[in-house]
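Examination of the molecular architecture
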Amino acid sequence: YGASGVQIGAALGVNQPRRRNGIAFNGNDGILIDHGTSDSILGNDIFSNTRLGINLLNGGNNNQLPPTLTSASISDSTGATTVSGSITATPNTKYQVELFASTASTTGNGQFFLGFVNVTTNASGVGQFQASGLVNPDPTNADSITATATDPTGSTSEFSAATAATHVA
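**Some details on unusual backbone geometry**
Residues other than glycine predominantly adopt negative phi, and peptide bonds predominantly adopt the trans conformation. The phi torsion at F25 lies on the positive side, around 65°, for a residue other than glycine. Positionally, F25 belongs in the loop between strand 2 (22–24) and strand 3 (31–34). Positive phi outside glycine occurs at N62, with the angle close to 55°.

Okay, here's the thing in C-alpha coordinates:
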(Lines give C-alpha, C1' and ligand atoms only; values in the text may rest on other atoms or scores of the structure.)
Protein backbone atom coordinates (compact mmCIF):
# COMPACT_ATOMS: atom_id res chain seq x y z
CA TYR A 1 0.00 0.00 0.00
CA GLY A 2 1.48 3.32 -1.11
CA ALA A 3 4.88 1.98 -2.18
CA SER A 4 6.64 4.25 -4.69
CA GLY A 5 9.57 3.72 -7.01
CA VAL A 6 8.99 -0.03 -7.40
CA GLN A 7 10.09 -1.68 -10.65
CA ILE A 8 8.52 -4.92 -11.85
CA GLY A 9 10.33 -6.23 -14.92
CA ALA A 10 13.07 -4.31 -16.67
CA ALA A 11 13.40 -1.30 -18.92
CA LEU A 12 14.30 -2.59 -22.35
CA GLY A 13 16.77 -1.20 -24.82
CA VAL A 14 19.09 -2.10 -27.64
CA ASN A 15 21.36 -5.05 -26.83
CA GLN A 16 19.80 -5.43 -23.41
CA PRO A 17 18.81 -8.90 -22.16
CA ARG A 18 15.11 -9.37 -21.56
CA ARG A 19 14.25 -9.87 -17.91
CA ARG A 20 10.54 -10.39 -17.57
CA ASN A 21 8.01 -11.79 -15.18
CA GLY A 22 4.98 -13.94 -15.84
CA ILE A 23 2.17 -12.51 -13.71
CA ALA A 24 -0.83 -14.78 -14.08
CA PHE A 25 -3.66 -16.74 -12.48
CA ASN A 26 -4.21 -14.37 -9.55
CA GLY A 27 -7.64 -14.49 -7.94
CA ASN A 28 -7.82 -10.70 -8.06
CA ASP A 29 -5.63 -8.11 -9.85
CA GLY A 30 -2.24 -9.14 -11.22
CA ILE A 31 -0.64 -5.92 -9.92
CA LEU A 32 -2.37 -3.36 -7.69
CA ILE A 33 -0.89 0.10 -7.21
CA ASP A 34 -2.77 1.93 -4.45
CA HIS A 35 -1.56 5.51 -3.83
CA GLY A 36 2.03 4.75 -4.97
CA THR A 37 3.77 6.66 -7.75
CA SER A 38 6.69 6.04 -10.11
CA ASP A 39 5.96 2.30 -10.07
CA SER A 40 7.25 0.83 -13.35
CA ILE A 41 5.80 -2.34 -14.88
CA LEU A 42 7.97 -3.08 -17.91
CA GLY A 43 8.43 -6.03 -20.26
CA ASN A 44 6.22 -8.51 -18.42
CA ASP A 45 3.67 -11.08 -19.61
CA ILE A 46 0.49 -10.40 -17.60
CA PHE A 47 -2.55 -12.62 -18.22
CA SER A 48 -5.34 -14.82 -16.85
CA ASN A 49 -5.90 -12.71 -13.75
CA THR A 50 -9.45 -12.68 -12.41
CA ARG A 51 -9.63 -8.88 -12.48
CA LEU A 52 -7.26 -6.40 -14.12
CA GLY A 53 -3.66 -7.17 -15.01
CA ILE A 54 -2.67 -3.72 -13.68
CA ASN A 55 -5.04 -1.77 -11.44
CA LEU A 56 -4.39 1.82 -10.34
CA LEU A 57 -6.36 2.93 -7.26
CA ASN A 58 -6.52 6.16 -5.27
CA GLY A 59 -4.24 8.14 -7.54
CA GLY A 60 -1.78 5.27 -8.03
CA ASN A 61 0.89 6.20 -10.60
CA ASN A 62 -0.81 9.61 -10.84
CA ASN A 63 -3.64 7.88 -12.77
CA GLN A 64 -1.39 7.61 -15.84
CA LEU A 65 -3.72 7.07 -18.79
CA PRO A 66 -3.19 4.12 -21.15
CA PRO A 67 -2.79 4.61 -24.89
CA THR A 68 -5.70 4.34 -27.30
CA LEU A 69 -5.19 1.74 -30.02
CA THR A 70 -6.76 2.36 -33.43
CA SER A 71 -5.65 -0.66 -35.49
CA ALA A 72 -3.64 -3.87 -35.29
CA SER A 73 -2.66 -6.59 -37.74
CA ILE A 74 -0.85 -9.91 -37.30
CA SER A 75 0.74 -12.03 -40.02
CA ASP A 76 -0.27 -15.65 -39.41
CA SER A 77 2.80 -16.91 -41.27
CA THR A 78 5.56 -14.73 -39.76
CA GLY A 79 4.05 -13.30 -36.59
CA ALA A 80 4.93 -9.76 -37.73
CA THR A 81 2.59 -7.41 -35.90
CA THR A 82 1.77 -3.76 -36.65
CA VAL A 83 -0.09 -1.52 -34.20
CA SER A 84 -1.26 2.10 -34.50
CA GLY A 85 -2.59 4.39 -31.81
CA SER A 86 -2.16 7.51 -29.76
CA ILE A 87 -1.52 8.74 -26.25
CA THR A 88 -3.00 11.81 -24.59
CA ALA A 89 -0.91 12.98 -21.66
CA THR A 90 1.43 15.75 -20.49
CA PRO A 91 2.45 18.01 -23.40
CA ASN A 92 5.96 17.76 -24.89
CA THR A 93 6.82 14.62 -22.92
CA LYS A 94 8.34 11.29 -23.99
CA TYR A 95 6.50 8.09 -23.02
CA GLN A 96 7.34 4.41 -23.45
CA VAL A 97 4.36 2.57 -24.94
CA GLU A 98 4.53 -1.21 -24.53
CA LEU A 99 2.47 -3.49 -26.75
CA PHE A 100 1.03 -6.92 -25.97
CA ALA A 101 -0.91 -9.68 -27.74
CA SER A 102 -3.44 -11.91 -26.01
CA THR A 103 -5.33 -15.05 -26.88
CA ALA A 104 -8.55 -13.69 -25.39
CA SER A 105 -10.22 -10.39 -26.30
CA THR A 106 -10.28 -9.06 -22.76
CA THR A 107 -9.33 -5.64 -21.51
CA GLY A 108 -6.91 -5.52 -18.66
CA ASN A 109 -4.20 -8.04 -19.59
CA GLY A 110 -1.27 -8.52 -21.96
CA GLN A 111 -0.27 -12.14 -22.44
CA PHE A 112 2.66 -11.83 -24.85
CA PHE A 113 4.99 -8.83 -24.62
CA LEU A 114 5.65 -7.71 -28.20
CA GLY A 115 7.93 -4.72 -27.73
CA PHE A 116 7.78 -0.99 -27.20
CA VAL A 117 7.87 2.33 -29.00
CA ASN A 118 8.86 5.73 -27.63
CA VAL A 119 6.22 8.41 -28.22
CA THR A 120 6.61 12.14 -27.62
CA THR A 121 3.46 14.19 -27.13
CA ASN A 122 3.01 17.52 -28.91
CA ALA A 123 2.15 20.90 -27.35
CA SER A 124 -1.48 19.72 -27.04
CA GLY A 125 -0.43 16.55 -25.18
CA VAL A 126 -1.17 14.13 -28.03
CA GLY A 127 1.33 11.67 -29.47
CA GLN A 128 0.60 9.39 -32.44
CA PHE A 129 2.47 6.13 -33.02
CA GLN A 130 2.78 3.19 -35.36
CA ALA A 131 4.88 0.22 -34.29
CA SER A 132 5.73 -2.36 -36.93
CA GLY A 133 7.98 -5.38 -37.12
CA LEU A 134 6.92 -6.58 -33.67
CA VAL A 135 7.19 -10.36 -33.48
CA ASN A 136 4.24 -12.19 -31.99
CA PRO A 137 5.30 -15.55 -30.48
CA ASP A 138 1.86 -17.13 -31.01
CA PRO A 139 0.38 -15.41 -34.09
CA THR A 140 -2.43 -17.80 -34.93
CA ASN A 141 -3.85 -17.78 -31.39
CA ALA A 142 -3.52 -14.08 -30.56
CA ASP A 143 -6.62 -12.12 -31.44
CA SER A 144 -6.28 -8.86 -29.53
CA ILE A 145 -3.69 -6.21 -28.76
CA THR A 146 -3.35 -4.06 -25.62
CA ALA A 147 -0.84 -1.43 -24.52
CA THR A 148 0.50 0.43 -21.49
CA ALA A 149 2.19 3.82 -21.22
CA THR A 150 5.03 4.71 -18.85
CA ASP A 151 5.92 8.34 -18.16
CA PRO A 152 9.46 9.70 -17.52
CA THR A 153 9.07 9.24 -13.73
CA GLY A 154 8.39 5.52 -14.27
CA SER A 155 4.63 5.56 -13.62
CA THR A 156 2.98 2.84 -15.75
CA SER A 157 -0.70 2.93 -16.74
CA GLU A 158 -3.30 0.19 -16.64
CA PHE A 159 -3.72 -1.77 -19.89
CA SER A 160 -5.58 -0.09 -22.74
CA ALA A 161 -8.85 -1.39 -24.06
CA ALA A 162 -8.25 -4.44 -26.24
CA THR A 163 -8.22 -3.90 -29.99
CA ALA A 164 -9.11 -6.81 -32.25
CA ALA A 165 -6.24 -7.75 -34.52
CA THR A 166 -6.78 -8.37 -38.21
CA HIS A 167 -5.09 -11.58 -39.32
CA VAL A 168 -3.29 -11.57 -42.68
CA ALA A 169 -1.84 -14.53 -44.53
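**Re the sheet that holds strand 8 (residues 80–88)**
Spatially, 11-8-7-14 is the arrangement adopted by the 4 strands of the open sheet, whose pairing is mixed. Edge positions in the sheet fall to strand 11 (126–135) and strand 14 (166–168), since each of these pairs with one other strand and no more. Strand after strand, the sheet turns through a mean of 15° between neighbouring axes, direction not considered. As paired elements, strand 7 (residues 68–75) and strand 8 share 6 bridges and run antiparallel to each other. For S73, the partnering residue across the bridge sits in strand 8 and is T82.

**Comments concerning the sheet that holds strand 10 (residues 112–120)**
Spatial ordering of the open sheet is given by 10-9-12-13, a layout of 4 strands whose pairing is antiparallel. A single partner strand is all that each edge strand has here, and the edge strands are strand 10 and strand 13 (163–164).

Calculation criteria
Residues numbered from 1 in each chain as written. Predicted model: local features only at pLDDT ≥ 70, side-chain atom pairs only at ≥ 80, totals over all residues. Heavy atoms only, no water. Helix = DSSP H or I, 4+ residues; strand = E, 2+ residues; numbered from the N terminus. Pairing = 2+ DSSP bridges. Axes fitted to C-alpha atoms, helices over the stretch in contact; angles between N-to-C directions.

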